[in-house]
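Listed below are the residues making up each chain.
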Amino acid sequence: MRPLTVGICGYGVYIPRLRIRAEEIARIWGGDGEKIKKGLLIEEKAVADFDEDTATIATEAARNALKMAGIEPAAVGAIYVGSESHPYAVKPTATIVAEAIEAAPVMTAADYEFACKAGTAAIQTCMGLVGSGMIEYGLAIGADTAQGAPGDALEYTAASGGAAYLIGKKGLIAEIEDTYSVTTDTPDFWRREGEPYPRHGGRFTGSPAYFKHVLSATLGLMKKIGAAPEDFDHAVFHQPNGKFPRNAAKNLGFTDRQLKEGILVDRIGNTYSGSSLLGLARVLDVAKPGERILVTAFGSGAGSDSFSIRVTEEIEKRRGRAPAVETYISDRRYIDYGTYVKLRRKIKVAE
Amino acid sequence: MTMGAPRFWRKTQSRYNLYGVKCKSCNATYFPPRKICPSCRRASKLEDVKLTPKGEVLTYTVIRSAPEGFERQTPYIMAIVKLDEGPMVTTQIVDCEPDEVEIGMAVEGVFRKIRESGKDGPIYYGFKFRPARADKDLAV
Ligand SMILES: [Zn+2]
């Protein structure tokens, strides 16, 4: 048995209301919408409004997490915000969130960056701080307003959204049984300082990056805790598109039924640091006490964090205090490509 | 209200959350905060209070020609919202099209970007309002 039981006291999500359909992007760039939808297994993606960014997404998710946990914000001893789209190059997003949820000033905070897995890195940090007794509660957030270059394949999936997890020891809605990570130096995807859009190594992003890390972290975790795929009721893998998580699951021996509740990419796109955390939230929205969840995040660059999570009885008492993932997904408004480029500042205007 | 947070900190963050004052003599609530209760005058007993960001649209206007710093958000809705706790707040209404807003519409607070000062200046955040979610939407 592990010496420390830490886990999730509350979680909260936010998904912006605007959506753009894959066909609408294909219409502009002369792509075959149906073919792209089938290739990526994606219908549409969530788009941040003009006045939304990683800080506003993180704040609403954090407020929802606190509502669910029902604790005083001043009891939060640490906030870490993982993102690859922090509003400032220098000036932490975590400070804005801390002030907006009224956890400041007696606390520690920092921003994390690790492509799509910065949010799970934040959870691990909070587990350590809570487990060691340095803090009572820590807030780990993954949020992004991801952008793909106009016309790039990434433009069909790069989306906006986020989730926040309050990590503590008391009043757990789910225990984190264990975590296991794999990290290597892999140039599969990057964005240089000052550049507006990321670049990727094309085919290189599949086998040596996503699959290598997701599979080895998941296998490593299961070996460490002596579990097999059939021991889990649900599995969530990072969702850069609809195909990768399904292929990873199949390869590892997980079934479609285990994957079903946590797959969101077809309806909201790849929310980067929010992706696996929103998938986990969707599972927690419907999971029954005693159920076990496997979560494996992936971040380009590259690395994977895998978690085994067990849901407690407490979850049923806390549901309904904050909006569920489906509430945000079903509240949507479609925009055209012109509105999309205006909102996401992809057009130059006279200053 | 935040336990133990010194007054200084609540002041600096009052634009992120709705802080007003409540008069303990007559129970009236004011936003923005006042120094004296106009009904009780010298008998005022004011204390800081965090207001619940829920209310309804009292009146609104659609801004099509915006002041500097807001040009790229047009058209947008500015409204006077009457909070359930009484005070009135001038605010932008988001997640709502100009033809969807109505007087009496239930709204709730949301944290958004207010303004950016140019390409390299600070970004200002604060509260706005959006159409309220029905309580049933909170359930799964
Ligand atoms: Zn009075």
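1. Some words on the overall build of chain A
Link 1 in the chain: If you tally the helices and strands in chain A, you get 13 helices and 14 strands.
Link 2 in the chain: For chain A, whose C-alpha radius of gyration is 19 Å, the value lies close to the compact-globule estimate of 20 Å for 351 residues.
Link 3 in the chain: Principal axes of the C-alpha set define a box for chain A whose edges measure 55 × 45 × 40 Å.
Link 4 in the chain: Partitioning the intrachain contacts of chain A with sequence separation of at least 6 by distance along the chain shows that 79% fall at a separation of at least 24.
Link 5 in the chain: Total accessible area computed for chain A in this model is approximately 13200 Å², and 51% of it derives from carbon and sulfur atoms.
Link 6 in the chain: The averaged location of the 44 negative side-chain charges in chain A is 3 Å from the averaged location of its 43 positive side-chain charges.

2. Points about the interface of chain B and chain A
Link 1 in the chain: Contacts between the two partners involve 34 residues from chain B, matched on the other side by 37 residues from chain A.
Link 2 in the chain: Both sides of the chain B and chain A interface together cover about 3200 Å² of buried area, and 50% of this is carbon and sulfur.
Link 3 in the chain: Counting across the interface, chain B meets chain A through eight salt bridges.
Link 4 in the chain: Run the count over chain B and chain A and you get 18 residue pairs in polar contact (both at pLDDT 80 or more).
Link 5 in the chain: Elements supplying a minimum of two residues to the side of chain B that touches chain A: α1 (7-12), β7 (106-116) and β8 (123-131) of chain B.

3. Topic: the packing of helix α6 (residues 206-225) of chain A against helix α7 (residues 243-252) of chain A
All names here are of chain A.
Link 1 in the chain: Between α6 and α7, the least distance of the axes is 10 Å, while the angle of their chain directions is 50°. For the element pair α6 / α7, the angle class is oblique. As α6 packs across α7, the resulting crossing turns out to be right-handed. Every residue of α7 that contacts α6 at Gly206, Tyr210, Phe211, Val214, Leu215, Thr218 and Leu219 is listed here: Phe244, Pro245, Asn247, Ala248, Asn251 and Leu252.
Link 2 in the chain: Within the contact of α6 with α7, the residues separate by chemical class into nine nonpolar, four polar and no charged.

4. With respect to the confidence of the model for chain B
Link 1 in the chain: Mean pLDDT over chain B stands at 86; residues scoring 70 or higher make up 85%.
Link 2 in the chain: Two numbers describe this predicted complex: its pTM, 0.94, and its ipTM, 0.93.

5. Observations concerning the sheet that holds strand β3 (residues 46-50) of chain B
Residue and element names in this part refer to chain B.
Link 1 in the chain: Sheet architecture is open: three strands sit in the order β2-β1-β3, paired in antiparallel fashion. Only two strands of the sheet have a single neighbouring strand rather than two, namely β2 (29-30) and β3.
Link 2 in the chain: Strand direction decides the pairing type here: strand β1 (residues 19-23) and β2, joined by two bridges, are antiparallel. Residue lysine 22 lies in a different strand from β2, and its bridge partner there is threonine 29.

6. Looking at the sheet that holds strand β2 (residues 18-21) of chain A
In any sheet, the strands associate via hydrogen bonds between backbone groups, in a parallel or an antiparallel arrangement.
Residues and elements named next belong to chain A.
Link 1 in the chain: Strand order in the open sheet formed by three strands is β3-β2-β14, with mixed pairing between adjacent strands. Here the strands that pair on one side only, and so sit at the sheet edges, are β3 (44-47) and β14 (333-334).
Link 2 in the chain: Seen against the sheet, helix α1 (residues 22-29) touches β2 and β3 and runs at an angle of roughly 55° to β2.

7. Re the coordination of the zinc ion
Octahedral metal centres with six donors ideally show angles of 90 or 180 degrees, and tetrahedral centres with four donors ideally show 109.5 degrees.
Residues and elements named next belong to chain B.
Link 1 in the chain: Within the first shell, the zinc ion binds the protein through Cys23 (SG), Cys26 (SG), Cys37 (SG) and Cys40 (SG), at distances of 2.2 to 2.3 Å.
Link 2 in the chain: Around the zinc ion, the four donor atoms are arranged such that angles at the metal cover 104 to 113°; this shape is classified as tetrahedral.
Link 3 in the chain: Its relative accessible area of 33% is what places cysteine 26 among the partly exposed residues.

8. Comments concerning the packing of aromatic side chains
Any two aromatic rings considered together are summarised by their centre-to-centre distance and by the angle between their planes.
Residue and element names in this part refer to chain A.
Link 1 in the chain: Summed over all chains, the structure comprises 17 aromatic pairs over all chains.
Link 2 in the chain: Geometrically, the ring pair formed by tyrosine 11 and tyrosine 165 is stacked, given 5.9 Å between the ring centres and 20° between the ring planes. With tyrosine 11 in strand β1 (residues 6-14) and tyrosine 165 in strand β7 (residues 160-168), this pair connects stretches of sequence that are 154 residues apart.
Link 3 in the chain: On the numbers, 5.7 Å between centres and 75° between planes, the contact of phenylalanine 237 with phenylalanine 254 is edge-to-face. Placement of phenylalanine 237 in strand β11 (residues 234-237) and of phenylalanine 254 in the loop between α7 and α8 (256-259) is noted, with a sequence separation of 17 residues between them.
Link 4 in the chain: On the basis of relative accessible area, phenylalanine 237 is assigned to the buried category, the value being 1%.
Link 5 in the chain: Given a relative accessible area of 6%, phenylalanine 254 falls into the buried group.
Link 6 in the chain: Clustering of aromatic rings is evident, with ring pairs tying together Tyr210, Phe211, Phe244 and Phe298.
Link 7 in the chain: Over the face of the ring belonging to tyrosine 334 we find arginine 21, whose NZ or CZ atom lies 3.7 Å from the ring centre.
Link 8 in the chain: The ring centre of phenylalanine 50 lies 4.1 Å from the NZ or CZ of arginine 345, which sits over that ring.

9. Some details on the domain arrangement of chain A
Residue and element names in this part refer to chain A.
Link 1 in the chain: Assigned domains within chain A: domain 1 (6-173 + 315-343) and domain 2 (175-311).
Link 2 in the chain: On a C-alpha basis, the centres of domain 1 and domain 2 stand 16 Å from each other.
Link 3 in the chain: On the side of domain 2, 50 residues touch domain 1, which itself brings 59 residues to the contact.
Link 4 in the chain: Between domain 1 and domain 2, the buried area comes to about 4300 Å², and carbon and sulfur atoms account for 63% of it.
Link 5 in the chain: Joining domain 1 to domain 2, the criterion identifies three salt bridges.
Link 6 in the chain: Here arginine 282 makes a salt bridge to glutamate 326, at a shortest N to O gap of 2.6 Å.

10. Looking at the environment of alanine 100 of chain A
Link 1 in the chain: Position of alanine 100 of chain A relative to the elements: it lies in helix α4 (residues 93-100).
Link 2 in the chain: You can call alanine 100 of chain A buried: its relative accessible area is 1%.
Link 3 in the chain: The sequence separation of alanine 100 of chain A and glycine 269 of chain A amounts to 169 residues, and the corresponding C-alpha distance is 27 Å.
Link 4 in the chain: Among all residues touching alanine 100 of chain A, those that are not within four sequence positions of it are Thr59 and Arg63 of chain A together with Tyr16, Asn17 and Phe111 of chain B.

Calculation criteria
- Residues numbered from 1 in each chain as written.
- Chains lettered and ligands numbered in written order.
- Predicted model: local features only at pLDDT ≥ 70, side-chain atom pairs only at ≥ 80, totals over all residues.
- Heavy atoms only, no water.
- Helix = DSSP H or I, 4+ residues; strand = E, 2+ residues; numbered from the N terminus.
- Rg over C-alpha atoms; globule rule 2.2 N^0.38 Å.
- Contact = heavy atoms within 4.5 Å.
- Areas by Shrake-Rupley, 256 points an atom, 1.4 Å probe, with all protein chains shown as cover.
- Lys, Arg positive; Asp, Glu negative; His and termini not counted.
- Charge placed at Lys NZ, Arg CZ, Asp CG, Glu CD.
- Buried area = accessible area lost by both parts, 1.4 Å probe.
- Salt bridge = Lys/Arg side-chain N within 4 Å of Asp/Glu carboxyl O.
- Polar contact = N/O pair within 3.5 Å; in protein donor to acceptor, adjacent residues only side chain to side chain.
- Axes fitted to C-alpha atoms, helices over the stretch in contact; angles between N-to-C directions.
- Parallel < 35°, antiparallel > 145°, perpendicular 65-115°, else oblique.
- Left-handed = near helix turned anticlockwise from the far one by under 90°.
- Nonpolar A, V, L, I, M, F, W, Y, C, P; charged D, E, K, R; others polar.
- pLDDT = per-residue confidence, 0-100.
- Pairing = 2+ DSSP bridges.
- Donors = N, O, S within 2.8 Å, 3.2 Å for Na, K, Ca; no water.
- Tetrahedral: all angles 85-135°; square planar, octahedral: opposite > 155°, others 65-115°.
- Buried < 20%, exposed > 50% of the residue type's maximum accessible area, 1.4 Å probe, protein only.
- Phe/Tyr/Trp six-rings, centres within 6.5 Å; stacked < 30°, edge-to-face > 60°.
- Lys NZ or Arg CZ within 6 Å of the ring centre and 35° of its normal.
- Domains from an automatic or database assignment.

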